[in-house]
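Chain by chain, the residues:
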Amino acid sequence: DLLISQIAAGEVVERPASVLKELLENSLDAGSKAIQVHLEEGGVKLIRITDDGCGIAKDQLALALTRHATSKIVSLDDLERVSSLGFRGEALASVASVARLSISSRERGASHAWKLKAETGAEPEPAALMAGTIVEMRDLYYNTPARRKFLKAEGTEFAHCADAVKRLALTRPDVAFSLTHNGRNLFQLAPADSPRRIADILGDDFLGAARRLEAAAGPLAIAGFAIDPTRATDAKDGQYVFVNGRFVRDKVIAHALREAYRDVLHGSRQPAVCLFINIDPALVDVNVHPAKTEVRFRDSRAMHQFVFHAIQRTLAAPVQ
Ligand code: ADP
Ligand code: MG
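Once a new chain begins, its residue numbering starts again from 1 and follows that chain's sequence as written. Whichever chain is written first is A, and whichever ligand is written first is 1; the rest continue in order. Thresholds applied to this predicted model are a pLDDT of at least 70 for local features of residues and 80 or more for the giving and counting of side-chain atom pairs; totals over whole chains, interfaces and linings are not thresholded and use all residues.

1. Some words on the overall build of the protein chain
Numbering goes from the N terminus for both helices and strands, where a helix is a DSSP run of H or I of at least four residues and a strand is a run of E of at least two. The helix and strand tally for the protein chain stands at 11 helices and 15 strands. Counting every position in the protein chain, which comprises 320 residues, the buried fraction comes to 36%. Our contact criterion uses C-beta atoms placed from the backbone: two residues qualify when those atoms are within 7 Å. If you take every contact in the protein chain between residues at least 6 apart in sequence, the share linking residues at least 24 apart comes to 65%. With C-beta atoms placed from the backbone, a residue is labelled by how many other C-beta atoms lie within 10 Å of its own: buried for 20 or more, exposed for 12 or fewer, partly exposed between the two.

Right, here's the structure in full:
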């Protein structure tokens, strides 16, 4: 069973950043308003998430670590309209099979917190915690050395971790995030409105050189910022595209962006954008891969045209 878990974990736990993403999504699903992330050695040695969410009851702690145990979906019908970020109930079980995992949590209203160390198999112990949850992952792949060999340099793994925090922070400007690596504080994001949060993460340069965009047609809506090539300074490149609140890397959308910028942006650069696309959940499959950066649209032509025209119209509009 441990072996099966470890094989399945390969799907979810590709690298420290994928663990971090799952843990952050859990904190957001728990309704947290402030999330602190502490990493050591690119997240390989330590990932610690402290949140102020709803917490986990003592008798649910062990269950949370069980494969396919999720508190978020009760029936198959729910899968169709899942609004939480997690729903497979496999992240914690997978992480626990390839790293040392412990959870301390205090459910709202409980008199104190409980801590469960996954690898000992022991009962939860009383712990001191004001509210919320601390999930601590240590020594990723300590028991699967073959996997450890695929980890990249500390700086690379850290950069992926920082990306994971940034992506989620862009979707939830109402939530405070902080990131510390090897004792050094990298950023501290206060709750903000969306443009402010985008500037916090992509830089004031990007926001200053970007055009605001907003469009809707049928089941599709788009909002966000797209770089104006005529105003582009040395704004960072980078494409942040979210579909129904999830960061995605999608060929159809990427192609629509390239086409829309083709005559105005020269060179091989990817146009910098931060776009939030919403689509009727029945018209998109987010279930393609556990890592969930891929999606499949029922009508990818419609998506392509919608994004293409929204960007083109925005770039062609006279400067306000
Ligand atoms: P999923 O998110 O798909 O439900 P996970 O393995 O990620 O599965 O988490 C299992 C369960 O543990 C969740 O359904 C949730 O009930 C609980 N849980 C995990 N992390 C937290 C957290 N930070 N705060 C509250 N509950 C949590
Ligand atoms: Mg989860």
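2. Focus: the packing of helix α10 (residues 251-261) against helix α11 (residues 300-316)
The axes used here are C-alpha line fits, helices contributing only the stretch in contact, and every angle between their N-to-C directions lies in the interval 0 to 180 degrees. Look at α10 against α11: their axes get within 8 Å of each other, and the N-to-C directions meet at 35 degrees. Here α10 and α11 pass one another in a crossing that is right-handed. For the pair α10 and α11, the contacting residues are Val252, Ile253, His255, Ala256, Leu257, Glu259 and Ala260 in the first and Ser300, Met303, His304, Val307, Phe308, Ile311 and Gln312 in the second. Along the lines of polarity and charge, the residues of the contact of α10 with α11 split into nine nonpolar, four polar and one charged. Each crossing gets its hand from how the near helix is turned against the far one by less than a right angle, where anticlockwise is left-handed and clockwise is right-handed. Amino acids are sorted into nonpolar (Ala, Val, Leu, Ile, Met, Phe, Trp, Tyr, Cys and Pro), charged (Asp, Glu, Lys and Arg) and polar (every other residue, Gly among them).

3. Quick look at the sheet that holds strand β2 (residues 46-51)
When DSSP finds at least two bridges between two strands, those strands are taken to pair. Reading across the sheet, the eight strands line up as β5-β4-β3-β6-β2-β1-β7-β8 and stay open at both edges, with mixed pairing between neighbours. Looking along the sheet, the strands with just one partner apiece sit at the ends: β5 (125-127) and β8 (184-189). With strand direction ignored, the average angle separating the axes of adjacent strands in the sheet is 15 degrees. The sheet contact formed by strand β1 (residues 34-40) and strand β7 (residues 176-181) spans six bridges and is parallel. By the bridge assignment, Val37 is partnered in β7 with Leu179. The strands touched by helix α2 (residues 16-29) are β1, β2 and β6 (132-138); relative to β2, the strand with the most contacts, the crossing angle is about 10 degrees. The strands touched by helix α7 (residues 154-171) within the sheet are β1, β7 and β8, with β7 carrying the most contacts at an inclination of about 175 degrees.

4. Here we look at the nonpolar core
Ranked by internal contacts, the top residues of the largest apolar core, which has 79 residues, are Leu20, Leu24, Val95, Val165, Val273 and Val307. Ignoring anything within four residues of it in the chain, the contact list for Val273 reads Gly224, Phe225, Ala226, Ile227, Gln239, Tyr240, Val241 and Leu257. A set of buried residues drawn from Ala, Val, Leu, Ile, Met, Phe, Trp, Tyr and Cys, joined through C-beta atoms within 7 Å, is what defines a nonpolar core.

5. Some words on the packing of α2 against α7
At a closest axis distance of 8 Å, the pairing of α2 and α7 adopts a crossing angle of 25 degrees. In this view, α2 runs roughly parallel relative to α7, as classed from their interaxial angle. Where α2 crosses over α7, the two elements pack in a sense that is right-handed. Taken together, the residues of α7 that come into contact with α2 (itself represented by Pro16, Ala17, Leu20, Lys21, Leu24 and Leu28) are Glu157, His160, Cys161, Asp163, Ala164, Val165 and Leu168. For the contact of α2 with α7, a count of residues per class yields nine nonpolar, one polar and three charged. We call two directions roughly parallel when the angle between them is under 35 degrees, roughly antiparallel when it is over 145, roughly perpendicular when it lies between 65 and 115, and oblique otherwise.

6. Thoughts on unusual backbone geometry
Most peptide bonds take the trans form, and the phi angle of most residues other than glycine is negative. Non-glycine residue Asp139 carries a positive phi angle of around 55 degrees. For Asp139, the position within the fold is in the loop between β6 and α6 (145-148). Note on Asp139: 16 C-beta atoms within 10 Å, which makes it partly exposed. Of note in the backbone geometry, Asn244 takes a positive phi value of approximately 50 degrees without being a glycine. Checked against the element boundaries, Asn244 lands in the loop between β11 (239-243) and β12 (246-247). A count of 16 C-beta atoms within 10 Å places Asn244 in the partly exposed class.

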